[in-house]
Amino acid sequence: MRLSELSHPNQLHGLSIDELEDVACQIRERHLQVVSTSGGHLGPGLGVVELTIALYQTLDLDVDKVVWDVGHQAYPHKLLTGRYKDFDSLRQKKGVAGYLKRSESKFDHFGAGHASTSISAALGMALARDNREENFKCVAVIGDGALTGGMALEAINHAGHLPNTPFLVVLNDNDMSISPPVGALSTYLNRIRHSGPVQFISDSFQESVKNLPFMGEEISEELKSIRGSVRRLSVPKVGAVFEELGFTYIGPVDGHDISSLTETFESAHRLSGPVLVHVLTTKGKGYPYAEADQVGYHAQSAFDLTTGKSLPSNKPKPPSYSKVFGQTLVKLCEQNKHIVGITAAMATGTGLDLLQKQVPSQYFDVGIAEQHAVTLAAGMSCEGIRPVVAIYSTFLQRAYDQLIHDVGIQKLPVTFVLDRAGIVGADGPTHQGQYDISYLRSVPNFVVMAPKDESELQRMLVTCINHNGPTAMRIPRGSGLGVPLIDEGWKSLEIGKGELIIEGDDLLIVAYGTMVEEAIKTADLLRASSIRSTVINARYLRPLDKTLIHPLARRIGKVVTMEEGALPGGFGSAIVESLSDENIFVSTLRIGIPDQLVDHATPDQSKEDLGLTPQQMSLQIRKHFNLSIDQSFAFDGSEDPALKS
């Protein structure tokens, strides 16, 4: 079987173990070839190749449903479900998505970008199946890292209460998430990994009882109870927790032995009620560099397959916002032992890995548990600690109630640093940080801000920590602007005070965060057309600097707002509402992300599609305010592609 000829996973049925192992080799080869060329997630998919093949060998994928957690561990799934030829377009504009997407394939039964959702979704499908009196299998595949998420544990608690609902959870245990998982559950699973395989006696018990005189085919309820007790005795400190929660536990199973996996899954499908199959895998399996560095090769930019080294960039880049944040926090923690950093399993992505290495006593990783991270920080702040919680914008959405109930209402001094705010690129709709401006605007007692560059980030972090109340600062993905940085001695900014950058009489541009630099570029283009703009770096979403903005808006009469976030309820809305409250009614243009999802592409491609380049914004402004170009200025449109049309 050539992988390139496989269009339906049911084509795996009937293949020998040797043939299936050959398919596994082809999957790894294709996976490595594509990711090494264009970048993407590597280790997770390499670790579940045999698991995927064996599971699909035991299912009828025309009717049975498999829900994958997170999604980047599902690259083998994509290659087995008809996306081989298009796999070169992985994570590229209009190409194969890096996560599961219902609109992309009938085999993607549930979209998955955030962790810990698979068990809930698959259980929902199983209950719907029973309600409709249908007959198909429902399977959730979840990693041990995602199992630390409270939502997964809530779903397990519910499923264990449904003994008559056939339902399979496959625990892909590679002892990793993006970084090594933390917590008691991880420690427990690690003990299981080092225990001998569990041999269940249920079937042999029943066969033995049936051979006793006068017993016959059926066994009594009393003996069934004894069988359950004996089974529990057979799994002390191994699957006992799952058994007590109502699951039939099977495992641990070698996750790279297709024959053993196939037999195990077939046995699991024959059982009634909820079943958990514990599969031990190696993240990055089959590629030595990925096996040796499972954190570094979780995801990779383009790299040399032979050496495993990333391909050099065409030109050196300034340090990323995340790195500048991490370095600054390390220095602050060294100076004050009461400042701590908290992450939800994203140390490397948020820059907190620097704190973990240099000041480990002031670093806390709670696992994939954003809700817990927020309320943990709230509890710490009650006792005089100054927590800095670093979570991606898209993941902090999961703890919205805690932001309001546990931090905002109680006015607790917790600092939130929202990494990956704005357009993030290839990860697509599940990861775009486009909503935090809107969802933080209305949280009581919060001071909300965004730096225009990495130097202002340093001062804002100090401002947040020094403020006696809740604060939130959004920072973008990727490199900074390359502005000069200082190593220490940062001074706080005045809360609620913006910055006047450029003065002009024709137009007022009020920009927030990353859009300040784009506003300056836009103003330069407009100035070439003899349109003079005032540009304000707002700095703060709340409180807004009304004393700076309102008089200028009233005098100039034309206002443009710029934000790298969703327009509904966003920064521009805040400006318009503020002006309206003071009876300042002027012509206003809000520029930002329209009311739509932003699909996977490079950030530059997405910004162009959304009309957020300086050239596009300058054209929007001229059209909206009917600003004519100074005819004495020789301008052929070469600097503005939009004008050529």
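Take the overall build of the protein chain next. For the protein chain, the helix and strand inventory stands at 26 helices and 19 strands. Here the protein chain holds 645 residues, and the buried ones make up 56% of them. Partitioning the intrachain contacts of the protein chain with sequence separation of at least 6 by distance along the chain shows that 76% fall at a separation of at least 24. Element-wise, carbon and sulfur atoms account for 50% of the exposed surface of the protein chain, whose accessible area totals about 27100 Å².

Attention now goes to the confidence of the model for the protein chain. Mean pLDDT for the protein chain: 88, with 88% of residues reaching 70 or above. Taken together, the stretch residues 226–237 has pLDDT below 50 and engages in 21 contacts with residues farther than four places along the chain or on a different chain. Predicted confidence is poor over residues 631–645, with pLDDT under 50, and the contacts of this stretch with residues over four places away or in other chains come to 17 contacts.

This brings us to the nonpolar core. Nonpolar side chains tend to gather and get buried jointly when the protein is soluble and globular. Within the largest apolar cluster, 51 residues are counted, with the highest numbers of intra-cluster contacts made by Ile53 and Phe265. Looking at this core element by element, the count peaks at 7 residues for helix 1 (residues 17–38). The residues touching Ile53, leaving out its near neighbours within four places in the chain, are Leu12, Leu20, Val23, Ala24, Ile27, Leu80 and Ile258.

A full pass over the atoms with the stated rule returns 2 cavities of 30 Å³ or more. Class assignment of the residues belonging to the lining of the largest cavity gives a composition of 6 nonpolar, 2 polar and 2 charged. Those elements that provide at least two residues to the lining of the second largest cavity are helix 19 (436–441), strand 12 (447–449) and strand 13 (471–474).

Two side chains with opposite charge may pair up if their charged atoms get near one another. For the structure on display, the rule yields 23 salt bridges. A salt bridge links Asp427 to Arg91, with the nearest nitrogen and oxygen atoms 2.6 Å apart. In this pair, Asp427 sits in the loop between strand 11 (415–419) and helix 19 while Arg91 sits in the loop between helix 4 (75–80) and helix 5 (118–131), placing the two residues 336 residues apart along the sequence. Its relative accessible area of 11% is what places Asp427 among the buried residues.

Our next topic: helix 20 (residues 454–466). In an α-helix, one turn spans 3.6 residues; hence positions three or four apart end up facing the same way. Counted at 1.5 Å a residue, the expected span for helix 20 with its 13 residues is 18 Å, and the 19 Å between its end C-alpha atoms agrees. For helix 20, a buried count of 10 out of 13 residues is recorded, marking the element as mostly surrounded by other parts of the structure. For helix 20, the side-chain oxygen to backbone nitrogen distance between the N-cap and Ser455 is 3.1 Å, and the N-cap itself is Asp453.

Spatially, the 5 strands line up as an open sheet ordered 14-16-15-18-19, and their pairing is mixed. Each of the sheet's edge strands pairs with one partner strand only, and the pair in question is strand 14 (499–502) and strand 19 (587–593). Mean inter-strand twist for the sheet, computed between neighbouring axes without regard to direction, equals 25 degrees. Against the sheet, helix 21 (residues 515–527) makes contact with strand 14, strand 15 (507–511), strand 16 (533–537) and strand 18 (558–566), and its axis sits at roughly 175 degrees relative to strand 16, the strand it touches most.

Take the pairing of strand 13 next. Alternating residues of strand 13 divide into Thr471 and Met473 and Ala472 and Arg474, and every residue in both groups is buried. In this sheet, strand 13 lies alongside strand 11 in parallel orientation, the contact comprising 4 bridges. For Phe416, the partnering residue across the bridge sits in strand 13 and is Ala472. Relative to strand 13, strand 12 runs parallel, the two sharing 3 bridges. By the bridge assignment for strand 13, Val447 is matched with Thr471. After leaving strand 12, the chain enters helix 20 and then returns to the sheet as strand 13, a path that is right-handed.

Bringing the sheet that holds strand 17 (residues 540–542) into the picture now. Reading across from one edge, 9-8-10-11-13-12-17 is the order of the 7 strands in this open sheet, with mixed pairing throughout. Unpaired on one side and paired on the other, strand 9 (363–365) and strand 17 mark the two borders of the sheet. The mean angle between the axes of side-by-side strands here comes to 20 degrees, regardless of whether they run parallel or antiparallel. Where strand 8 (residues 339–343) and strand 9 come together, 3 bridges link them in parallel fashion. Residue pairing for strand 9: Ile342 is matched across the bridge by Phe364.

Rules and cut-offs
- Residues numbered from 1 in each chain as written.
- Predicted model: local features only at pLDDT ≥ 70, side-chain atom pairs only at ≥ 80, totals over all residues.
- Heavy atoms only, no water.
- Helix = DSSP H or I, 4+ residues; strand = E, 2+ residues; numbered from the N terminus.
- Buried < 20%, exposed > 50% of the residue type's maximum accessible area, 1.4 Å probe, protein only.
- Contact = heavy atoms within 4.5 Å.
- Areas by Shrake-Rupley, 256 points an atom, 1.4 Å probe, with all protein chains shown as cover.
- pLDDT = per-residue confidence, 0-100.
- Core = buried A, V, L, I, M, F, W, Y, C linked by side-chain atoms within 4.5 Å.
- 1 Å grid on protein atoms, 1.4 Å probe; cavity = no way out; pocket = protein on both sides within 12 Å on 5 of 7 lines; lining within 4 Å.
- Points joined across faces, edges and corners; volume = space filled by probe spheres on them.
- Nonpolar A, V, L, I, M, F, W, Y, C, P; charged D, E, K, R; others polar.
- Salt bridge = Lys/Arg side-chain N within 4 Å of Asp/Glu carboxyl O.
- Expected span 1.5 Å × (residues − 1).
- Polar contact = N/O pair within 3.5 Å; in protein donor to acceptor, adjacent residues only side chain to side chain.
- Pairing = 2+ DSSP bridges.
- Axes fitted to C-alpha atoms, helices over the stretch in contact; angles between N-to-C directions.
- Right-handed = clockwise from strand over helix to strand, strands pointing away.

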